[in-house]
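Below are the chains, spelled out letter by letter.
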Amino acid sequence: VSKSIWAGNFINNLENENYNLTNEKINEIIDFSIDNRVLSRYTSFICLEPSLGGEIYYDAVDESDLIIRVEDAEETKTDSIFQAYPNPFNNQTTIQIRMSKEIDLETSSFKIYNVLGKVVKTFEPSINVNTKGLKFIWNGKNDNNSNVSSGHYFFVMNYSGKVKSLKLLLLK
């Protein structure tokens with residue numbers, strides 16, 4: 001998954017460069033996209049599955065939400081906190097978020113993903129909380145209240161068109 005995320009970020013950066021893309025640069029994006037099996041705006045219409053002999057793969061999944069957008073240094077304030085403690089953890093971890101600006105909770109999401117990109121846990125903050133500071137406690141259970149296995153997980157916060165992620169390590 002991390003290779004796909006890196007490739008997606010690389011492709012996203014190439015596509016969003018501030019100059020006109022030449023045919024050579026577009027061909028580089030297409031080749032890199034195909035080699036790493038990550039769709040770009042130039043290959044999004046291609047969903048061929050090599051294991052099916054190159055046939056069209058109708059069950060393709062859009063994984064563009066896995067691409068992590070890096071905020072501008074100006075937007076990241078020194079009073080912002082995005083951390084989990086303890087991390088690594090075995091019983092529970094506390095995820096603390098403090099932002100310099102208020103977060104619109106109605107358009108934000110707070111989820112934990114496994115390394116396969118599947119949602120494990122979704123957090124719903126109460127509406128009456130301080131929207132500049134949030135705290136979530138994760139006890140290593142999924143949305144069905146079942147224990148998840150040891151391993152790496154990602155807490156992902158989507159807010160105001162931005163994405164922040166935090167790597168978590170559960171050790172049992």
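Every residue gets a number counted from 1 within its own chain, in the order that chain's sequence is written. Predicted model: local features are reported for residues with pLDDT of at least 70 only, side-chain atom pairs are reported and counted for 80 or more only, and whole-chain, interface and lining totals are derived from all residues. Computation of side-chain values: all heavy atoms of the structure, hydrogens and water removed.

1. Topic: the overall build of the chain
Phase 1 of the analysis: Looking only at helices and strands, one finds two helices and nine strands in the chain.
Phase 2 of the analysis: Counting from the N terminus, the helices are DSSP H or I runs at least four residues long and the strands are E runs at least two residues long. The order of α-helices and β-strands along the chain, N terminus first, is α-α-β-β-β-β-β-β-β-β-β.
Phase 3 of the analysis: Only protein chains enter the accessibility calculation, which uses a 1.4 Å probe; a residue whose area is less than 20% of its type maximum is buried, one above 50% is exposed, and one in between is partly exposed. Taken over 172 residues, the chain has a buried fraction of 34%.
Phase 4 of the analysis: A total of about 11300 Å² of accessible surface is found on the chain, and carbon and sulfur atoms cover 49% of it. Note on areas: Shrake-Rupley with a 1.4 Å probe; residue coverage comes only from the protein chains shown.

2. Looking at the sheet that holds strand 3 (residues 81-85)
Phase 1 of the analysis: Two strands are said to pair when DSSP picks up at least two bridges between them. Overall, antiparallel pairing links the three strands, which are arranged 3-4-7 in an open sheet. Only two strands of the sheet have a single partner each, and these edge strands are strand 3 and strand 7 (133-138). For this sheet, the mean inter-axis angle between neighbouring strands, taken without regard to orientation, is 10 degrees.
Phase 2 of the analysis: Sheet topology places strand 3 next to strand 4 (residues 93-98); five bridges connect them, and they run antiparallel. By the bridge assignment for strand 4, F82 is matched with I97. Lines fitted to C-alpha atoms define the axes, with helix axes restricted to the stretch in contact, and inter-axis angles between N-to-C directions lie between 0 and 180 degrees.

3. Thoughts on the sheet that holds strand 9 (residues 162-170)
Phase 1 of the analysis: As summarised here, the arrangement of the four strands in space is 6-5-8-9, forming an open sheet in which the pairing is antiparallel. The strands lining the two open edges of the sheet, one partner per strand, are strand 6 (119-123) and strand 9. Mean inter-strand twist for the sheet, computed between neighbouring axes without regard to direction, equals 20 degrees.
Phase 2 of the analysis: Here strand 8 (residues 151-159) pairs with strand 9 via nine bridges, running antiparallel. Residue pairing for strand 9: F154 is matched across the bridge by K167.

4. Considering the nonpolar core
Phase 1 of the analysis: Residue types Ala, Val, Leu, Ile, Met, Phe, Trp, Tyr and Cys, when buried and joined through side-chain atoms within 4.5 Å, form a set referred to as a nonpolar core. With 23 residues, the main nonpolar core has I97, F110, I112, W138, F155, M157 and L168 as its most contacted residues.
Phase 2 of the analysis: Elements represented by at least two residues in this core include exactly strand 3, strand 4, strand 5 (109-114), strand 6, strand 7, strand 8 and strand 9.
Phase 3 of the analysis: For this core, the element with the highest residue contribution is strand 8, accounting for four residues.
Phase 4 of the analysis: In what follows, a contact means two residues having at least one pair of non-hydrogen atoms within 4.5 Å. Excluding anything up to four places from it in sequence, W138 contacts F89, N91, Q92, T93, I112, V120, K121, F123, V148, Y153 and L168.
Phase 5 of the analysis: Judged by nonpolar contacts, the second largest core, of five residues, contains A7, I11, L14 and V38.

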